[in-house]
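Observations on the model geometry
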Amino acid sequence: QNYLDNFWPDLKAAHELFESIVQARRERETESQENKGKEYPEHLPVEILEAGIKSGRYIQGTLNVNKHRAQLEAFVRLQGFGSKETG
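Just so we're clear, the structure is a prediction, and the values are computed from it rather than from any experiment. (Residues numbered from 1 in each chain as written. Predicted model: local features only at pLDDT ≥ 70, side-chain atom pairs only at ≥ 80, totals over all residues. Heavy atoms only, no water.)

1. Section: the confidence of the model for the protein
The cut-off we apply is this: On a scale of 0 to 100, pLDDT captures the predictor's confidence in every residue. Secondary structure elements are defined from DSSP: runs of H or I of at least 4 residues count as helices, runs of E of at least 2 residues count as strands, and each element is numbered from the N terminus.
Per-residue confidence for the protein gives a mean pLDDT of 85, with 85% of residues at or over 70. Ranking the elements of the protein by mean pLDDT puts helix H2 (residues 12-34) last with 89 and helix H1 (residues 2-7) first with 94.

2. A few points about the environment of Glu-50
Note the threshold: Only protein chains enter the area calculation, which uses a 1.4 Å probe; residues under 20% of their type maximum are buried, those over 50% are exposed, and those in between are partly exposed.
Tracing the backbone shows Glu-50 in helix H3 (residues 46-55). Judged by relative accessible area, Glu-50 falls into the partly exposed class, the value being 45%.

3. So, a nonpolar patch on the surface
To keep it simple, the criterion reads: Residues forming no salt bridge and having over 30% relative accessible area are the ones grouped into patches, like charges within 9 Å of each other and nonpolar side chains (Val, Leu, Ile, Met, Phe, Trp, Tyr) within 5 Å. Methods summary: accessible areas were calculated by the Shrake-Rupley approach with a probe of 1.4 Å, and residue burial reflects only the protein chains presented. In what follows, salt bridge is the name for a side-chain nitrogen of Lys or Arg lying within 4 Å of a carboxyl oxygen of Asp or Glu.
Residues Tyr-3, Phe-7, Trp-8 and Leu-11 make up a contiguous nonpolar surface patch of about 480 Å² in total accessible area. The class of Trp-8 is partly exposed, set by a relative accessible area of 43%.

4. Side note on the side chain of His-15
Heads up, the rule is: Under this definition, polar contacts are N or O atom pairs within 3.5 Å; protein pairs additionally need one hydrogen-donor-capable and one acceptor-capable atom, and for neighbouring residues in sequence, both atoms have to be side-chain atoms.
Mapped onto the elements of the fold, His-15 is located in helix H2. At 3.0 Å, the side chain of His-15 and the backbone oxygen of Trp-8 are in polar contact.

5. Section: the packing of aromatic side chains
Applied cut-off: Only Phe, Tyr and Trp rings are paired, with Trp represented by its six-membered ring, and only when their centres lie within 6.5 Å; those with planes under 30 degrees apart are stacked, over 60 edge-to-face, the remainder tilted.
On inspection of all chains with the given rule, the structure shows one aromatic pair. When the centroid spacing of 5.2 Å and the interplanar angle of 40 degrees are considered together, the rings of Tyr-3 and Phe-7 count as tilted. Taken together, the residues span about one helical turn, with Tyr-3 and Phe-7 both in helix H1 at a distance of four residues. Assessed through its relative accessible area of 52%, Tyr-3 is described here as exposed.

6. Some words on H2
Under the convention used in this document: Multiplying 1.5 Å by the residue count of a helix minus one yields the expected span of that helix.
Taking 1.5 Å of rise per residue, 23 residues should cover 33 Å, and H2 covers 33 Å from first to last C-alpha, within 8% of that figure. Count one or two residues on from H2 and you reach Lys-36, which has phi positive near 55 degrees.

7. Quick notes on the pattern of salt bridges
Within the structure shown, the criterion is met by two salt bridges. For Arg-25, the salt bridge goes to Glu-29, with nearest N and O atoms at 3.5 Å. Of this pair, Arg-25 and Glu-29 both sit in helix H2, four residues apart, which is roughly one turn of the helix. Judged by its relative accessible area of 59%, Arg-25 falls in the exposed class. Relative accessible area serves as the criterion here: at 42%, Glu-29 is assigned to the partly exposed category. In this structure, Glu-73 engages Arg-69 in a salt bridge whose closest nitrogen and oxygen atoms are separated by 3.2 Å.

Have a look at this one:
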């Protein structure tokens, strides 16, 4: 803000862009506080997921996504299995 005020006081578009960025950041911080610091809301509570994993209803693994073809290639590596056992 100081830089714009001191060096570009007449550049209205830059001031508007700066204000837009500040407002977006404030909204994101507010959303983060509402979600208790989580970037994405949970689909199911942690307790239900843990119970589902223990009962065998759900499986736990790591999602690996091809960074070059993210929409086309991905696989899940199941925890507790060797590297050859993927699904």
